[in-house]
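Understanding the architecture of this molecule
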Amino acid sequence: MDAIKTSGLTKSYGSKRAVDDMSLTVGAGEIYGFVGRNGAGKSTVMKMLAGLVPPTSGEIEVLGERQTPGNTSRRLGALIESPGIHPGLSGLDNVMVRALALGVPRAKAASMQALDIVGLSAVAKKRAKTYSLGMKQRLGLALALVGSPDLLLLDEPFNGLDPQAVREVRTTIMNLARMRSLTVFISSHVLDQLERMVTRYGVIRDGRLVREMSAEEVEAECADYLSIRAAEPQLALARLQDAFPEARFSVMADDAIRAEGGVSAEDAGRALAEAGIPVTELFVHERDIEELFVDLMGADPSIPAPDDAAWSQAAGAEPPRRLVGKGGGRNA
């Protein structure tokens, strides 16, 4: 059974479509990373999944149950945007209010267990208004966990956390997913943390789901490779395949040759030089997860592109020299 399934999910505010015809599937037990720029529609999607915002059109199934406007599954826990915390209540009382509303047996014990999981048991009786931003974020996670849900919706759960707390929350989420077969649908801008825990990704851009990828596919796309541009690409490809039969070669859309499998830039350049084939470009292409997702999410129009001339005038020096082309990487 799928934990989440949407079909044609759309949310409009006036003439603006915040979410546009989105169809996605999240399998049971997955940790699904939902990635997009601010304003792309991530939180709106999560609010619709949680039953907090009615969709304009489309269908939602959560844990095999079709969702109706204003209703949500009792097997779902959510932390979306700011945690719903009453500052005058203690951390324990905040969680107990949620537990009692859900009809959780032994509400106090269940609430203390949730607080212990997120590392707040020592301050359970302190008022929430005395908590730091990171502690409030962890209290929000405890609210989502009480009642032992089968599905967690987490919107930017690492906000306000110091590195140690980030590590603890990440480990907690991974352990819960593994030990309880919990499904986690998580959005975050902290891509290096997602990379350590996510099994599948979905990328949203201007309200539309532009791509879904497994963690293995992301790793493959971020792998380093040798990029070779020669005057005669097909002849160069044949020469390289003969010289390095154990390696993998392919010709990309721009006629550059992609080489993987341990071929060094020095060896490739020497093989082509010996064959009399001129090489016009040779570099190791390095692409990290940040570059991949920034490309998929699209540029933020609110951030102007760097202007080399302006940089030079302001700094009183020459701008940094571009050593490689659009692909990025380092020259051989």
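Please refer to the structure placed before this passage.
Residues numbered from 1 in each chain as written. Predicted model: local features only at pLDDT ≥ 70, side-chain atom pairs only at ≥ 80, totals over all residues. Heavy atoms only, no water.

Here the focus is the sheet that holds strand S8 (residues 151-155). Strand order in this open sheet of six strands is S7-S8-S9-S4-S10-S11, and the pairing throughout is mixed. Each edge of the open sheet is held by one strand with a lone partner, namely strand S7 (76-79) and strand S11 (208-214). Between one strand and the next, the sheet's axes are offset by a mean angle of 15°, whatever the strand orientation. For S7 and S8, the ladder comprises four bridges, and the chain directions are parallel. (Pairing = 2+ DSSP bridges. Helix = DSSP H or I, 4+ residues; strand = E, 2+ residues; numbered from the N terminus. Axes fitted to C-alpha atoms, helices over the stretch in contact; angles between N-to-C directions.)

All right, on to helix H9 (residues 265-274) then. Those residues of H9 that sit buried are Ala265, Ala268, Gly269, Ala271 and Leu272. The arc that holds the buried residues of H9, viewed along the axis, is 160°, so those residues lie on one side. Set apart from the buried face of H9 by more than 90 degrees, the exposed residues are Glu266, Ala273 and Glu274. Against the buried residues of H9 lie strand S12 (225-230), helix H8 (233-243) and strand S15 (279-285). A positive phi of about 75° marks Gly276, the residue just after H9. (Buried < 20%, exposed > 50% of the residue type's maximum accessible area, 1.4 Å probe, protein only. Arc of directions from axis to C-beta. Contact = heavy atoms within 4.5 Å.)

Turning our eyes to something else, we now look at the environment of Val123. Locating Val123 in the fold gives a position in the loop between helix H3 (107-117) and helix H4 (133-145). Here Val123 falls in the buried class, since its relative accessible area comes to 16%. Those residues in contact with Val123 that lie beyond four places of it in its chain are Tyr131 and Met135.

What follows covers the pairing of strand S4 (residues 31-35). In terms of burial, S4 is largely enclosed, as five of its five residues are buried. Here S4 shows a buried face lined by Ile31, Gly33 and Val35 and a second buried face lined by Tyr32 and Phe34. Of the strand pairs in this sheet, S4 and strand S9 (residues 183-187) are connected by four bridges, and their pairing is parallel. When the sheet's bridge partners are listed, Phe34 is paired in S9 with Ser187.

Moving on to unusual backbone geometry. It is generally the case that most residues other than glycine have a negative phi and that most peptide bonds are trans. Residues other than glycine seldom take positive phi values, yet Arg106 does so here, at roughly 50°. Within the element layout of this structure, Arg106 appears in the loop between helix H2 (91-102) and H3. With a phi close to 50°, Asp206 is a non-glycine residue in the positive phi region. Counting through the fold element by element, Asp206 comes out in the loop between strand S10 (200-205) and S11.

At a closest axis distance of 9 Å, the pairing of H2 and H4 adopts a crossing angle of 30°. Classified by the angle between their axes, H2 and H4 sit roughly parallel to one another. The element H2 and its partner H4 pack so that their crossing is right-handed. Every residue of H4 that contacts H2 at Gly91, Asn94, Val95 and Arg98 is listed here: Leu139, Ala142 and Leu143. Class assignment for the residues of the contact of H2 with H4 results in four nonpolar, two polar and one charged. (Parallel < 35°, antiparallel > 145°, perpendicular 65-115°, else oblique. Left-handed = near helix turned anticlockwise from the far one by under 90°. Nonpolar A, V, L, I, M, F, W, Y, C, P; charged D, E, K, R; others polar.)

Per the counting criterion, the structure on display carries two aromatic pairs. Ring geometry for Tyr32 against Phe185: centres 5.3 Å apart, planes inclined by 5°, an arrangement best described as stacked. Taken together, the positions of Tyr32 in strand S4 and Phe185 in strand S9 put the pair 153 residues apart, joining distant regions of the chain. Taken as a pair, Tyr32 and Phe185 share a single burial class, namely buried. Between the aromatic rings of Phe34 and Phe185, the centroid separation amounts to 5.0 Å while the plane-to-plane angle is 40°, which identifies the pairing as tilted. Residue Phe34 is located in strand S4, and its partner Phe185 is located in strand S9; the two are separated by 151 residues in the primary sequence. (Phe/Tyr/Trp six-rings, centres within 6.5 Å; stacked < 30°, edge-to-face > 60°.)

The grouping of Asp192, Glu195, Glu216, Glu217, Glu219, Asp288 and Glu290 at the surface amounts to a negative patch. Those elements that place two or more of their residues in the negative patch are helix H6 (191-197) and helix H7 (215-221). Examining the composition of the negative patch, we find that three residues originate from one element, H7, more than from any other. (Patch = residues over 30% accessible without salt bridge, like charges linked within 9 Å, V, L, I, M, F, W, Y side chains within 5 Å. Areas by Shrake-Rupley, 256 points an atom, 1.4 Å probe, with all protein chains shown as cover. Salt bridge = Lys/Arg side-chain N within 4 Å of Asp/Glu carboxyl O. Lys, Arg positive; Asp, Glu negative; His and termini not counted. Charge placed at Lys NZ, Arg CZ, Asp CG, Glu CD.)

With that out of the way, let us pick up the pattern of salt bridges. Scanning the entire structure with this criterion turns up 13 salt bridges. In this structure, Arg208 engages Asp20 in a salt bridge whose closest nitrogen and oxygen atoms are separated by 2.9 Å. Of this pair, Arg208 sits in strand S11 while Asp20 sits in strand S2 (residues 16-22), and the two are 188 residues apart along the sequence. Taking relative accessible area as the criterion, Arg208 reaches 40% and is therefore assigned partly exposed. For Arg239, the salt bridge identified is with Glu274, shortest N-O distance 3.9 Å. Separated by 35 residues along the polypeptide, Arg239 in helix H8 and Glu274 in helix H9 bring together distant segments of the chain. Connected through shared salt-bridge partners, Arg17, Asp20 and Arg208 make up one network.

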